[in-house]
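Architecture at a glance
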Amino acid sequence: MRAALREAEEAARRDEVPVGAVVVHGGRIIGRGFNQREMLKDPTAHAEMIAITQAAAALEGWRLEGATLYVTLEPCLMCAGAIVNARIGRVVFGALDPRAGACGSLYQIGLDSRLNHRFEVTGGVLAAECAALLQEFFARKR
């Protein structure tokens, strides 16, 4: 999660919403990402999406079975769908997202038996630090 926090800090330095993510497989980081929606003018440029794309490139395949995604904010519905499609086995997140969270707050995509893949979810890891980054960012914006 510390590596994901460093990615989130980079997002904040670039005036992006400070969310960071890393994908770990076989004990090493194979994908990194931070929010880049403003920079890329792309609504899908969430930290998770970027990290998943890098991880797939590193493994030379779209199936990320056995991988864990660490992300500073609970994934949204779009990112949770990408996690399902990438076959990621576990998601660890920091702060809850009560307005858009799809891994416990509004939805529980990882546990939905109607989908063809499920994933384990652990929330609240370094939650105070993750939330503080977001709170500071939005306080500066106001």
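Quick caveat, the model's predicted, so the values are computed rather than measured.

Reading guide: rules and limits
Residues numbered from 1 in each chain as written. Predicted model: local features only at pLDDT ≥ 70, side-chain atom pairs only at ≥ 80, totals over all residues. Heavy atoms only, no water. Buried < 20%, exposed > 50% of the residue type's maximum accessible area, 1.4 Å probe, protein only. Helix = DSSP H or I, 4+ residues; strand = E, 2+ residues; numbered from the N terminus. Pairing = 2+ DSSP bridges. Right-handed = clockwise from strand over helix to strand, strands pointing away. 1 Å grid on protein atoms, 1.4 Å probe; cavity = no way out; pocket = protein on both sides within 12 Å on 5 of 7 lines; lining within 4 Å. Points joined across faces, edges and corners; volume = space filled by probe spheres on them. Nonpolar A, V, L, I, M, F, W, Y, C, P; charged D, E, K, R; others polar. Contact = heavy atoms within 4.5 Å.

**Points about the pairing of strand β3 (residues 68-73)**
Most of β3 is tucked away, with five of its six residues classed as buried. Relative to strand β4 (residues 90-95), β3 is paired through five bridges, and the arrangement is parallel. Across the sheet, residue Leu73 finds its bridge partner in β4, namely Ala95. A crossover links β3 with its parallel partner β4, the connecting element being helix α4 (residues 77-86), and its sense is right-handed.

**A word on the layout of surface pockets**
In this structure, the largest pocket encloses a volume near 560 Å³. Sorting the residues of the lining of the largest pocket by element identifies α3 (47-59) and α5 (127-141) as the ones contributing at least two each. Class assignment for the residues of the lining of the largest pocket results in 14 nonpolar, three polar and five charged.

**As for the environment of Ala8**
Looking at the secondary structure, you find Ala8 in helix α1 (residues 2-13). Judged by relative accessible area, which is 0%, Ala8 ranks as buried. Through-space distance from the C-alpha of Ala8 to that of Gly33 is 8.4 Å; in sequence the pair is 25 residues apart. Apart from residues lying up to four places away in sequence, Ala8 is in contact with Pro18, Val19, Gly20, Thr72 and Leu133.

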